[in-house]
Amino acid sequence: MSRYTVFSGSGTAMITPFDDSGHVDLDALGVLIDRQLDGGADALIMTGTTGEAPVLSTDEKKEIWRFTRDRIDHAKKKIPLIAGSGGNDTVAAAHLSHEAELAGADALLVVTPYYNKCSPAGLVEHYRTIAGATSLPIIVYTVPSRTGVSVTADVWRELAAIPNIVGIKDATGDLRHTARLAAMFSADSPDSPVIYSGDDELTLPVLSLGGCGVISVVSNIIPEEMHELCRLFFGGKNDEALTLWRRIYSLTAAMFCEVNPIPVKAALAELGLCRGHLRLPLVPLSEEKRNIVRAALRITQIH
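Computed from a prediction, not measured in an experiment: that's the story for all the values here.

Details of the overall build of the chain
Okay, step 1: Helix and strand counts for the chain stand at 12 helices and 8 strands.
Okay, step 2: What you see for the chain is a C-alpha radius of gyration of 18 Å, in line with the 19 Å of a compact globule of 303 residues.
Okay, step 3: By its C-alpha atoms, the chain is 45 × 45 × 40 Å across when sized along the principal axes.
Okay, step 4: In the chain, buried positions account for 55% of the 303 residues.
Okay, step 5: Of the side-chain charges in the chain, 28 are positive and 36 negative, and the distance between the mean point of each set is 2 Å.

Structure representation (structure tokens):
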């Protein structure tokens, strides 16, 4: 029996919009959430990297989770709310994960601890402690370019023994790493990881290795297209999926012309969907890179 799957397809790693006073802009967030629900997003991931989690207070995160839960329920949509609840303080991350469950999250996205740069044994104990604080399924988020720590195949063997750790968001950018994870177990093994691409540009390659979907930045802008990309692939329409991927590639690439989420916020502001405000240490795009984003929106015919 394979591991529990939180979602299949395209989950949107949502931005957190801020108003002119620097506070979380719930009005804009509601517009963005409704756009995702109407666009066919298969999951909403709140307060992750794209949501500027490191500069959100615990109270702000809880407000965002509760607001999103209410918005999904009001729309009568059956998609999971996944809360980013990781951190490099294990006890604090465990507490935050428990708070996310109380706020109505369906699952958790928990990044590897950063800066502390723990050993593999410490990484396993970090996740074991967090998993013990909640009954929710946990997706492990490995992004060594930001954290300096990677979930290796050997570490996964130990994490797989923890019942509510069910999958991995692989943002290593290393398809060899993804292939090793995918090949570790038979497809129907209870220890086989459910793998989500954490890199929009590698969505199709990760799906071809057995990935279950993508936790996407660009789907903030094009939820319909990212949902359709996965649907086509899972439906065996690989040529059509490749054609769509080629059409949206310039926009996907433009979202990483600068550190995420700077470009995607600029793009959404260009579309009039939110203000482009960021919290320090993130700063707005240079005019040169803003022109890259504008050009990609024009090429992809996003208005």
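There is more to say, and it comes next.
Re the sheet that holds strand E5 (residues 138-142)
Okay, step 1: As summarised here, the arrangement of the 8 strands in space is E1-E2-E3-E4-E5-E6-E7-E8, forming a closed barrel in which the pairing is parallel. Taking each pair of neighbouring strands and ignoring which way they run, the sheet shows an average axis angle of 25°.
Okay, step 2: Of the pairings in the sheet, the one linking strand E2 (residues 43-46) to strand E3 (residues 81-84) comprises 3 bridges and is parallel in character. Residue pairing across strands places methionine 46 opposite alanine 83, the latter belonging to E3.

Describing the nonpolar core
Okay, step 1: Membership of the largest hydrophobic core comes to 82 residues, with the highest contact counts inside it found for Trp156, Leu159 and Ile221.
Okay, step 2: Discounting residues that sit within four places of it in the chain, leucine 159 has contacts with Val124, Tyr127, Val140, Val151 and Ile165.
Okay, step 3: Core analysis: the second largest hydrophobic core is formed by 18 residues, Ile45, Val111, Ile139 and Val143 among them.

What to know about unusual backbone geometry
Okay, step 1: Residue proline 261 is bonded to the preceding asparagine 260 through a cis peptide linkage, with omega at 10°.
Okay, step 2: Within the secondary structure, proline 261 sits in the loop between helix H10 (238-254) and helix H11 (262-270).
Okay, step 3: A positive phi angle is found at threonine 47, which is not glycine, with a value near 60°.
Okay, step 4: Secondary-structure assignment places threonine 47 in the loop between E2 and helix H2 (58-74).
Okay, step 5: Phi angles above zero are rare outside glycine, and lysine 76 is one such case at about 55°.
Okay, step 6: By secondary structure assignment, the location of lysine 76 is in the loop between H2 and E3.

Some thoughts on the pattern of salt bridges
Okay, step 1: Here the structure, examined in full by the defined rule, presents 15 salt bridges.
Okay, step 2: Its salt-bridge partner being glutamate 125, residue arginine 128 comes within 3.2 Å of it at the nearest N-O pair. One end of the pair, arginine 128, and the other, glutamate 125, are both in helix H4 (residues 120-131), 3 residues apart, so they sit about a helical turn from each other.
Okay, step 3: With a relative accessible area of 40%, glutamate 125 lands in the partly exposed category.

Here we look at the side chain of threonine 50
Okay, step 1: Relative to the helices and strands, threonine 50 is located in the loop between E2 and H2.
Okay, step 2: A distance of 3.0 Å separates a polar atom in the side chain of threonine 50 from a polar atom in the side chain of asparagine 260.
Okay, step 3: If near-sequence neighbours (up to four positions away) are discounted, threonine 50 is found in contact with Ala13, Met14, Ile15, Thr16, Val217, Asn220, Asn260, Pro261 and Val264.

Quick word on the packing of helix H1 (residues 26-39) against helix H9 (residues 223-234)
Okay, step 1: For the pair H1 and H9, the least separation of the axes is 8 Å and the interaxial angle reads 35°. You can see that H1 and H9 cross each other, and the crossing is right-handed. Contacts from Arg35, Gln36 and Gly39 in H1 reach Pro223, Glu224 and His227 in H9.
Okay, step 2: Each residue belonging to the contact of H1 with H9 can be placed in one class, and the counts come to 1 nonpolar, 3 polar and 2 charged.

Examining the pairing of E2
Okay, step 1: Burial of the side chains of E2 extends over both faces: Ala43 and Ile45 are buried on one face and Leu44 and Met46 on the other.
Okay, step 2: Relative to E2, strand E1 (residues 9-13) runs parallel, the two sharing 3 bridges. Across the sheet, the residue bridging to glycine 11 is alanine 43, located in E2.
Okay, step 3: For the segment spanning E1, H1 and E2, crossover handedness is right-handed.
Okay, step 4: For the crossover from E2 across H2 to E3, the handedness is right-handed.

Reading the values: rules and limits
- The numbers attached to residues start from 1 for each chain and follow its sequence in the written order.
- Note on the predicted model: pLDDT of at least 70 is required for a residue's local features to be given, and 80 or more for side-chain atom pairs to be given and counted; whole-chain, interface and lining totals, by contrast, use all residues.
- To obtain the side-chain values, all non-hydrogen atoms of the structure were included, while hydrogens and water were left out.
- Think of it this way: any DSSP run of H or I at least four residues long counts as a helix, any run of E at least two long counts as a strand, and we number them from the N terminus.
- Both definitions apply: the radius of gyration is a C-alpha atom measure, and the globule rule equals 2.2 Å times residues to the power 0.38.
- Throughout this description, buried means an accessible area under 20% of the type-specific maximum (1.4 Å probe, protein chains only), exposed means over 50%, and partly exposed covers the range between.
- For this count, His and the chain ends are skipped, Lys and Arg are scored as positive, and Asp and Glu as negative.
- Just so you know, the charge point we use is NZ for Lys, CZ for Arg, CG for Asp and CD for Glu.
- Pairs of strands are assigned from DSSP output, requiring at least two bridges between the strands.
- Fitted lines through C-alpha atoms give the axes, limited to the stretch in contact for helices. The angle between two N-to-C directions lies from 0 to 180 degrees.
- In this description, a nonpolar core means a group of buried Ala, Val, Leu, Ile, Met, Phe, Trp, Tyr and Cys residues linked to one another through side-chain atoms lying within 4.5 Å.
- Residue contacts are defined here by distance: any two heavy atoms, one from each residue, within 4.5 Å place the two residues in contact.
- Salt bridge criterion: a side-chain nitrogen from Lys or Arg within 4 Å of a carboxyl oxygen from Asp or Glu.
- Pairs of N or O atoms within 3.5 Å make up the polar contacts considered here, provided that, within protein, one atom can donate a hydrogen while the other can accept it, and that residues adjacent in sequence are counted only when both atoms are side-chain atoms.
- Each crossing gets its handedness from the near helix: less than a right angle anticlockwise from the far helix is left-handed, clockwise is right-handed.
- Here the nonpolar group is Ala, Val, Leu, Ile, Met, Phe, Trp, Tyr, Cys and Pro; Asp, Glu, Lys and Arg are the charged ones; every other residue, Gly included, is treated as polar.
- Clockwise travel from the first strand over the helix to the second, with the strands pointing away from the viewer, marks a crossover as right-handed.

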